[in-house]
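# Tertiary structure, described
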Amino acid sequence: MDNKQPTSRLDINSSRKQELTAPTPQNTPINPAPITSNYRPTISSISEDATTLESKGDPNSNTADASNLTGAFTSNPALISMLQGKLGSLVGRRSGYIDSLPTHVKRRIHGLQHFQAKHAELEGKFQEEVLALEKKYLELYTPLYTKRTEIITGGYEPTEEEVKLGEKVDQEGEEEQQEEKKQEEGSSSAGKEEDDKESMVGIPEFWLTALKNHPQISETITEQDELVLKHLVDIRMSYMDKPGFKLHFDFAENEHFSDKTLTKTYYYQEHAYGGDYVYDHAEGCDIHWKEDKDLTVKVETKKQRHKGTNKTRVVKRTVPADTFFSFFHPPSFPDDNTELDEEEAEGLDAKLEVDYETGEEFKDKIIPHAVDYFTGKALEYEDFAAEDEFEDDFYEEDDDDEEDESDDDDDDDDDDDDGKQTAKGENAPECKQS
């Protein structure tokens, strides 16, 4: 079940202009599949060699033409925009190859399309059975999740046999942690600490710790959020009669809001297309914050000065705040009559994609493997995209560039060393390359 890694995609919707789609209710990779192509340009690249040829009077040199062409692009943004529009209009057009084929060949193509449609029908049935299988095993997982919640909240104490079996799962790591703990703590404080341990109920801040150990979700958690998430006692999920799933966040009584459970629901479209269930939309819930405890907004204070009287006044307004609890107010498509420009549409698509991926992370990773996220073990086998994106920001410099920088450094060192002598008449120490 978890081995399949479908990718998200964007579909064009006639009424909404663009509609974000997502995969089957299985694991969703954070990185989309890279776009690859076998196309290679036939025009040779312009390099410094071309400049050298021109300086030598080579009649075959095309550097001047290339420079003029480059200048035309850089100095004329309107031309670039026009060309991009022309190229964009070519996407999805027929090449005319199929139309040029003989009738008997077109007939065979129609036969292929018939069998492809049959294949799509089987893919739809496959995903329906997969969804039914996931529902079946969720019922089998539920007793285990219930025991987990009871241990976390202090309602159940594991037996000696259960503890010993659990120790074998990660025995080596446990021994190292115990050894470090013995070295850090003196024997004199052992009795006091044992008393402190006995007074603890369940496993404090279990879910807060698990969420903070997830690299992507931890970025959304602020210090104020932590004060609320300390009261989070369980995260559950359930399937609905319609394709989709619901996330349940159960909280103990706290001073921030009166709700016992916050929910987030993800809806799929009714039928699977091309072997995948497609997301339709997501719905959050209203949070009943107590007075002056709403973390989703913040108050900005600004001073305004009257032009005529020169008097000042203080104006306060509420603006959205960065918080984990924005998760329960998902982004949505605007009304059909509202048109978005390209930048706004791309921004909305990005927000929707992040929202769907976060829901999948909760469903397929955090809820089933909460213990591994609490202990940090999940970080050992997770391949998070942030690391790859961070590495992509760096590139290797050419050797020539390094030599130029080295020469510049040497010149600077020579200037600094002039007139600088130590008490013994020797040159001051300097950094030398081996």
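My aim in this report is to walk through the structure given alongside it, one point at a time. (Residues numbered from 1 in each chain as written. Predicted model: local features only at pLDDT ≥ 70, side-chain atom pairs only at ≥ 80, totals over all residues. Heavy atoms only, no water.)

Here Ser 238 shows up in strand β3 (residues 232-239). Between the C-alpha atoms of Ser 238 and Thr 265, which are 27 residues apart in sequence, the distance is 9.4 Å. Excluding anything up to four places from it in sequence, Ser 238 contacts Leu 138, Phe 245, Lys 246 and His 248. A distance of 2.9 Å separates polar atoms of two side chains, one belonging to Ser 238 and the other to His 248. (Helix = DSSP H or I, 4+ residues; strand = E, 2+ residues; numbered from the N terminus. Contact = heavy atoms within 4.5 Å. Polar contact = N/O pair within 3.5 Å; in protein donor to acceptor, adjacent residues only side chain to side chain.)

On the surface, Asp 341, Glu 342, Glu 343, Glu 344 and Glu 346 cluster together into a negatively charged patch. Along the chain, Glu 344 turns up in helix α11 (residues 342-366). (Patch = residues over 30% accessible without salt bridge, like charges linked within 9 Å, V, L, I, M, F, W, Y side chains within 5 Å. Areas by Shrake-Rupley, 256 points an atom, 1.4 Å probe, with all protein chains shown as cover. Salt bridge = Lys/Arg side-chain N within 4 Å of Asp/Glu carboxyl O. Lys, Arg positive; Asp, Glu negative; His and termini not counted. Charge placed at Lys NZ, Arg CZ, Asp CG, Glu CD.)

This part takes up a nonpolar patch on the surface. On the surface, Leu 133, Tyr 137, Leu 140, Tyr 141 and Leu 144 cluster together into a nonpolar patch covering about 490 Å² of accessible area. Along the chain, the position of Leu 140 falls in helix α4 (residues 103-153).

This part takes up the pairing of strand β5 (residues 261-268). Judged by how many residues are buried, β5 sits mostly within the fold: seven of eight residues are covered. Examined bridge by bridge, strand β4 (residues 244-251) and β5 share seven bridges and lie antiparallel to one another. Bridge pairing links His 248 to Thr 263 in β5. Pairing between β5 and strand β6 (residues 279-283): four bridges, direction antiparallel. Within the sheet, the bridge partner assigned to Tyr 267 lies in β6 and is His 281. (Buried < 20%, exposed > 50% of the residue type's maximum accessible area, 1.4 Å probe, protein only. Pairing = 2+ DSSP bridges.)

Taking burial as the measure, the eight residues of β4 include seven buried ones, the bulk of the element. Inspection of the sheet shows β3 paired to β4 by seven bridges, in the antiparallel sense. Its bridge partner being in β4, Arg 236 is matched across the sheet by His 248. The loop that links β3 with its antiparallel partner β4 comprises four residues.

Taken as a whole and assessed by the stated rule, the structure comprises seven salt bridges. For Asp 250, the salt bridge goes to Arg 236, with nearest N and O atoms at 2.7 Å. In this pair, Asp 250 is assigned in strand β4 and Arg 236 in strand β3, connecting sequence segments 14 residues apart. For Asp 250, a relative accessible area of 14% puts it in the buried group. Using a relative accessible area of 34% as the deciding quantity, one classes Arg 236 as partly exposed.

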